[in-house]
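A closer look at the structure
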Amino acid sequence: MDSSKTHSSESMPGDLSEALKEATKEVHEQAESTEFMKNFQKGQLSLQEFKMVMASLYHIYSALEEEIEHNKDHPAFTPVYFPAELHRKAALQQDLEYFYGPLWKEEISCPEATQKYVDRLHFVGQHEPELLVAHAYTRYLGDLSGGQVLKKIAQKVLHLPSTGEGLEFFTFEGVSNATKFKQLYRSRMNSIEMDPATKKRVLEEAKQAFLLNIQVFEELQKLVTQHHENGHPAQQKPELRTRGTSSRAHEHGPTPVKEGKKTPIKHTDMLPSTPLVRWILALSFIVTTVAVGLFAM
Ligand code: HEM
């Protein structure tokens, strides 16, 4: 249906794409200014944080794409069904294998807020499929927009190879021009037949989708902060892991570069660093030992 035929109300632009952009403007700003995202944009990102966010995204996209497949023939979704161009699950699997190694599935966890998002995606897919477009819009158009900036930052800060390993998630092989593709996606969204009440629910669901993303970031930030406060290097908390027994954080991929990263303290690190001071200390030790020995005699 063309946009002129869509119902509009005083507060809603006629086109779904316009209405979505307007309705989510505030929550988008909120998402951009979460501590996690602000740090990411400043390049303050450790490998471990990146691995954690990629693991959460894997759970989110697995659920989203499972529900998309269930609903690909639903008239409220078919126009925006673009698996070859958009789907991210396979790309995330490759990235996780790069970072965690072949046993990545056993190494990653699903924190609470991520699980909440996953549950909502399944609920929508199974009970309110007319709202699924809100979730697809929130993630895929976001990935095609700000996601491209984040890719460059991660590549630079984490010293990821320019060949793209570890960053497949951000690479849309099937989309040669992101701006044009987003235009196509918007026009397909606008072609979905929708009564005003449903449209209102879709807008609300998109705002919820942003809030679910914000909660995922906030929880990851909290986990990372707690871990730093406990004096641990920025590695995944043991209780966050599933069945894995060893952290393979550094077996695959590059070394983290975030400021404040702590390396284990060796005993020799506690000795004075200059040879002269070491000699003086050793000499004092010998003199004291001899003196104590003489005194004892
Ligand atoms: C550091 C964080 C972020 C930055 C820098 C950022 C940046 C941007 C930019 C510049 C655009 C406009 C692109 C254009 O008009 O072509 C955009 C659009 C968008 N972003 Fe973000 N974004 C961020 C986070 C997020 C998050 C967390 C989400 C949701 C999970 C999101 C979802 C979207 C969506 C859905 C659009 C498309 C809006 C529309 O055209 O209707 N963004 N973003």
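What comes next is a walk through the structure. (Residues numbered from 1 in each chain as written. Predicted model: local features only at pLDDT ≥ 70, side-chain atom pairs only at ≥ 80, totals over all residues.)

1. Here we look at the site of the ligand
The local shell around the ligand holds 18 residues, among which Lys21, Ala31, Gly142, Ser145 and Gly146 are the closest. Put simply, the parts of the chain that give the shell around the ligand at least two residues each are helix H1 (16–23), helix H2 (25–32), helix H3 (35–41), helix H9 (132–144), helix H10 (146–157) and helix H12 (196–229). Looking at the shell around the ligand residue by residue, the classes come out as 7 nonpolar, 7 polar and 4 charged. (Near = placed C-beta within 6 Å. Helix = DSSP H or I, 4+ residues; strand = E, 2+ residues; numbered from the N terminus. Nonpolar A, V, L, I, M, F, W, Y, C, P; charged D, E, K, R; others polar.)

2. Some remarks on H10
Counted at 1.5 Å a residue, the expected span for H10 with its 12 residues is 16 Å, and the 17 Å between its end C-alpha atoms agrees. The complete set of buried residues in H10 reads Leu150, Ala154 and Val157. Seen end-on, H10 carries its buried residues on one side only, within an arc spanning 75 degrees. Projecting away from the buried face of H10 at angles above 90 degrees are the exposed residues Val149, Lys152 and Lys156. Where the residues of H10 are buried, they touch H3 and helix H4 (47–70). Of the residues trailing H10, His159 is marked for its positive phi of about 55 degrees. (Expected span 1.5 Å × (residues − 1). Buried ≥ 20, exposed ≤ 12 C-beta atoms within 10 Å, placed from the backbone. Arc of directions from axis to C-beta. Contact = placed C-beta atoms within 7 Å.)

3. Some thoughts on the nonpolar core
Within the largest apolar cluster, 65 residues are counted, with the highest numbers of intra-cluster contacts made by Met54, Leu96, Val133, Tyr137 and Ala206. When residues in this core are grouped by element, the largest group, 13 residues, is from H4. Non-local contacts of Val133, meaning those with residues more than four positions away in its chain, are made with Ala76, Phe77, Val80, Met189, Ile192 and Val202. (Core = buried A, V, L, I, M, F, W, Y, C linked by C-beta atoms within 7 Å.)

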